[in-house]
Every structure is written in C-alpha cells, then in structure tokens.
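# Inside the fold
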Amino acid sequence: MHVSDWRRDVIWWTVYPLGFTGAPTHLDEQAPVAHRLPRLENWLDYLIDLGCNGLVLGPIFRSESHGYDTLDYFAIDPRLGDDADFDALVAACHARGIKLVLDGVFNHVSARYPALRQALAEGPDGPLADMFHIDFSTTPPTRLNFEGSDDLVRLNHASPQVRKLVTDVMLHWCGRGVDGWRLDAAYAVDPEFWAPVLATVRERFPELYIYGEVIHGDYAQIVHESGMDAVTEYELWKACWSSLATENFYELEWTLGRHNEMLDDFRPFAFIGNHDVTRIATKVGADKAILAAVLLGTVGGTPCVYYGDEQAFRGEKYDRPGGDAEVRQPMPERPDQLAGFGLPTYRAYQAILAIRRRYAWLPDARTEVESITNPRIVYRAHDPADADHWVRVTLDVTDTPTASVVDNSGELFHWPHRGGRRGV
C-alpha cells in the first residue's frame, strides 16, 4: 500500500527569482530595497492549478549579479526584498500546502565576498585564510576560481570553517521555514563534505528534501556518500531532447534502462528545462515539447517543471557573458496577464500532471520499452509492487508529433487534442 511522504509525492515548479521578477542584473549598493519577492505570491495558485505542490527558488541571497556570486548568505538580495517579504512568502506557500526549496550556492562565492577580502588582506596566517584556495606565494595572491570565472571564487571544503558556515546557513533558513535545498554545483564538491553537514542539519529537520546539481558521474554513489535524497538527472534530459530533435528514440531507450537502475537506489530529480539550458520548445519545437512533458510525467523519480516551459516559452542559452538571459526571462505580475499563445501547452501540462497525481505509484515506476523504431517508441510504466498498475505511453514523431497515455480503462491523454471523455 502506498504510504504518503511529501518528498516522494512532490511535483516541483522551479523559478529563477531575479529573472522572474525582472530585477536589475547587477546589485546597486545605493539603491533602496525593491520588494519584488511578493510578486511570487501572485503565482502560487497558478502553481497549484498547474498541478504542482512544490516551489524551488533560484538564488535569493544578497549577491553581486546573477545570484550565484553570493555576498551574504544570511540576507535576502535587496533587489528582491527583505526578511519580511521572505517570511510572508513562506507563510503563503505553507498556507496552500506548497513546499519551498532554496538554492544553496555553497561551492563558490563572489570575488567581493567579505570573508575572502579579509583573508586576502590578512595573508596566510589570518584566521580566514583556510576558507579559500589561495596561493599567497604570488603577487597578488592567486585564488582558485570556479570554471574560469574571475567573479566566482571556490570555497575550500576541507576547511572546518566552511563546513560550519554551510551548516549554519542551512539551519538558519530551515528555522525560517524552508522545506529543502538544491545544492548548486554539487558535482564540484566532494560528497564527503556534504555527509556530516547534511547529517547535522537533518538532526533538527529530518523531513528536509535535499538534492544536488550533478551533471555527470556516478549518480547513485554521490547520493549514498553525500546523504542527499537525489541528484539532477542530466542523462534523461539529454536523451529526451536529443531523441526528439533527431527523431531517433534509441538513445532514450538506453537511458530509460539506466533510469530504472537508478530507481533501485534513489528517485532521480527529473527535468526537461532549467535556468542553465536552452528551453525545450526552442530545442525541439512546441509540439515535440509536449512529448517531452509526457515523458517527464510518466517515468519514475521526482519531476520538475521550469517556469515558462508550461507556457511554451522560447529561449536560447548562449556560451557568453549574459548568455542566460533568454532562459531566465521575466513573467508578468499576475498569471492573468500571460499571452494566450501558451494556453494549449498549459492545458496539456495540467492533464499530464493530473495523471501523475492520480497514480500514487508513479514516483517509483519502472519503464519497459515494448516497441521502438527511430521515430516511435512505446513504453509501459508500471508499479514494481503491483502488476495491475500501469500506463502505456506512445511517443511518435513519424509525421505530426503525437503522444498518448492509456491504462487498462482507456485513454488518459492524447496530443494533439482529439476530444473524448478522458483524453486531453
């Protein structure tokens, strides 16, 4: 029998707040606090109407520009608001039964991070020197930057001070009502760092949901060694858009086999879009993007919808400074101000996520490919604990992109819409 666990049953909607609210791209220290965070409250009922029950926020702490260059882990970015705005958002989420996750950028900080400046000024014998990778034998001292960016300086995760800092930050915001954490750039941090930190945090907040951004590597091993609940499944994201773009589902077939193996160890954090990648409707077109959403909603794991994908938003990710702007675009102040072009996609997402909620076994579902050609795949997602629980999914790009989901009582979903009592 299915036992409810919010971490098992949650369907996430992810927002990049600085972009979503149209905040300036750089912090102006002289500017007054701008109360943009309350705009998110206007979208909480939309989140529920879509079919989600969890909200993941991108960076909201005081930062230099894009949020991943932190200046103060204990302060809300003044481009978004203040502590009162945050507390109101937490209360508004919880009043609706929405869980809230924050983005923990604990791999690196801004080059202007106060403790880093102090460490550089005080030299190798200073009390903060071991918090960062600094070579004081050069003039000026050389810092270890993150992925070639001079604006991002890596923390030294072997430092007890860094371990304490991260633990204190997580405990602080959990005490303010946060339900979980996304660990940014977790692929760049030794899992052994996370294990004692997360264990300490879970002692006080045992029901937290914690997942890490991991692009490549041994996903299951990272989960086990770190104590996280999950990691981001970039393998499934890549196979999904690539198979649709090239009209060849064999890559997806192979990846679904890998996906089943992961489910033996943990529930992967599944997505078809995020703040770092080209939007799915740009990658494959709006119709094929619906097929991607069907996949997201009918495989095991924890699904996440990136804001705007449910409205068929377009946006290209470019490899250049500021190249994320198109995929981090602003939303209107209220949902009723959205342009009408995205409504068919939105309705399709609603139907897909309704199926997800209807079948409580889907987070643990295994998938079995029943037939495949280059442009067509049929798979059955089934409950590993009960053979009578299953849905059959067909994705076909032979001519017009089509998708269908059926169970033993009939058709649950069809794209394009063709009417019927249950279909969409």
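Here's what I pulled together on the structure shown here. (Residues numbered from 1 in each chain as written. Predicted model: local features only at pLDDT ≥ 70, side-chain atom pairs only at ≥ 80, totals over all residues. Heavy atoms only, no water.)

All right, on to the overall build of the protein then. Broken down by element type, the protein carries 13 helices and 20 strands. On the principal axes, the C-alpha backbone points of the protein span a range of 70 × 45 × 40 Å. Sequence-distant contacts in the protein: of pairs separated by 6 or more residues, those separated by 24 or more amount to 68%. Split by element, the accessible area of the protein, about 17000 Å² in all, is 50% carbon and sulfur. (Helix = DSSP H or I, 4+ residues; strand = E, 2+ residues; numbered from the N terminus. Contact = heavy atoms within 4.5 Å. Areas by Shrake-Rupley, 256 points an atom, 1.4 Å probe, with all protein chains shown as cover.)

As a further point, take the layout of surface pockets. Space inside the largest pocket adds up to approximately 1100 Å³. Residue lining of the largest pocket: 37 residues in total, with His 66, Asp 276, Lys 317, Asp 324 and Arg 328 positioned closest to the centre. Listed by contribution, the elements that provide at least two residues to the lining of the largest pocket are helix H2 (17–20) and strand S10 (149–154). In terms of residue class, the lining of the largest pocket is built from 15 nonpolar, eleven polar and eleven charged. (1 Å grid on protein atoms, 1.4 Å probe; cavity = no way out; pocket = protein on both sides within 12 Å on 5 of 7 lines; lining within 4 Å. Points joined across faces, edges and corners; volume = space filled by probe spheres on them. Nonpolar A, V, L, I, M, F, W, Y, C, P; charged D, E, K, R; others polar.)

Our next topic: a negative patch on the surface. On the surface, Asp 190, Glu 192, Asp 218, Glu 225 and Asp 265 cluster together to form a negatively charged patch. Along the chain, Asp 218 falls in the loop between strand S12 (209–212) and helix H8 (219–226). (Patch = residues over 30% accessible without salt bridge, like charges linked within 9 Å, V, L, I, M, F, W, Y side chains within 5 Å. Salt bridge = Lys/Arg side-chain N within 4 Å of Asp/Glu carboxyl O. Lys, Arg positive; Asp, Glu negative; His and termini not counted. Charge placed at Lys NZ, Arg CZ, Asp CG, Glu CD.)

Strands in a sheet are paired, the pairing made by backbone hydrogen bonds, and the direction either parallel or antiparallel. Reading across the sheet, the eight strands line up as S13-S12-S11-S5-S2-S1-S15-S14 and stay open at both edges, with parallel pairing between neighbours. Two strands in the sheet have a free side with no partner beyond their single neighbour: strand S13 (230–231) and strand S14 (269–271). Two elements, S14 and strand S15 (residues 302–306), share three bridges in a ladder whose sense is parallel. Across the sheet, residue Phe 269 finds its bridge partner in S15, namely Thr 302. Lying over the sheet, helix H4 (residues 83–95) contacts strand S2 (54–57) and strand S5 (99–104), oriented at roughly 140° with respect to S5. (Pairing = 2+ DSSP bridges. Axes fitted to C-alpha atoms, helices over the stretch in contact; angles between N-to-C directions.)

On the secondary structure map, Asp 364 appears in the loop between helix H13 (343–358) and strand S16 (366–373). Setting aside anything within four residues of it in sequence, one finds Asp 364 in contact with Arg 8, Arg 267 and Pro 384.

This brings us to the state of the cysteines. For the structure on display, the rule yields zero disulfides. The cysteine Cys 93 is free of any disulfide, with Cys 52 supplying the nearest cysteine sulfur at 12 Å. With no disulfide partner, Cys 174 has as its closest neighbouring cysteine sulfur the one in Cys 93, 15 Å distant. (Disulfide = S-S within 2.5 Å.)

What follows is about the environment of Cys 174. Take Cys 174: it is sitting in helix H6 (residues 160–175). Residue class for Cys 174 comes out buried when judged on its relative accessible area of 4%. It is 7.4 Å that separates the C-alpha atoms of Cys 174 and Phe 205, two residues lying 31 residues apart in sequence. Those residues in contact with Cys 174 that sit more than four places away from it in its chain are Trp 181, Val 201, Phe 205 and Leu 208. (Buried < 20%, exposed > 50% of the residue type's maximum accessible area, 1.4 Å probe, protein only.)

Let us now look at the pattern of salt bridges. Applying the stated criterion across every chain yields a total of 29 salt bridges. Between Asp 5 and Arg 7 there is a salt bridge, and its shortest N-O distance comes to 3.5 Å. Residue classification places Asp 5 among the partly exposed positions, given a relative accessible area of 27%. With a relative accessible area of 21%, Arg 7 lands in the partly exposed category. Salt bridges sharing partners connect three or more residues here, namely Arg 8, Asp 9, Arg 267 and Asp 364.

We now examine helix H9 (residues 234–246). Over its 13 residues, H9 runs 18 Å from end to end, which matches the ideal 18 Å to within 8%, given 1.5 Å per residue. Three or more residues of H9 are buried, namely Tyr 234, Leu 236, Trp 237, Ala 239, Cys 240, Trp 241, Ser 242, Ser 243 and Leu 244. Where H9 is buried, its residues contact H8, helix H10 (250–263), S14, helix H11 (280–284) and helix H12 (286–298). After H9 finishes, the residue Glu 247 shows a positive phi value of roughly 55°. (Expected span 1.5 Å × (residues − 1).)

Another aspect to go through is the pairing of S5. The buried count for S5 comes to five of six residues, which makes it a mostly enclosed element. The sheet contact formed by S2 and S5 spans three bridges and is parallel. Bridge pairing in S5 places Val 56 opposite Val 101. Both S5 and strand S11 (residues 180–183) contribute to a ladder of four bridges, which runs parallel. Looking at S11, one finds that Val 101 is bridged to Gly 180.

The next thing to look at is the packing of H12 against H13. Interhelical geometry of H12 versus H13 gives an angle of 15° and a closest axis separation of 9 Å. Relative to H13, the element H12 lies roughly parallel. As H12 runs across H13, the sense of the crossing is right-handed. Between H12 and H13, the residues in contact are Ile 290, Ala 293, Val 294, Leu 296, Gly 297 and Thr 298 and Thr 345, Ala 348, Tyr 349, Ile 352 and Arg 356, respectively. (Parallel < 35°, antiparallel > 145°, perpendicular 65-115°, else oblique. Left-handed = near helix turned anticlockwise from the far one by under 90°.)

Read across the sheet, five strands follow the order S16-S17-S18-S19-S20 without closing on themselves; strand pairing throughout is antiparallel. Each edge of the sheet is formed by a strand with only one pairing partner; in this case those strands are S16 and strand S20 (410–415). Each strand of the sheet is rotated relative to its neighbour by a mean of 15°, with strand direction disregarded. Lying over the sheet, H13 contacts strand S19 (402–407) and S20, oriented at roughly 150° with respect to S20.

For the rest of this paragraph, the subject is H10. Taking 1.5 Å per residue, 14 residues should reach 20 Å; H10 reaches 20 Å between its end C-alpha atoms and fits that length. Buried within H10 are the following residues: Leu 252, Thr 255, Leu 256, His 259, Asn 260, Met 262 and Leu 263. Projected down its long axis, H10 carries its buried residues within an arc of 155°, all on one side. Looking at the buried residues of H10, the elements they touch are H8, H9, H12, S16 and strand S17 (376–383). (Arc of directions from axis to C-beta.)

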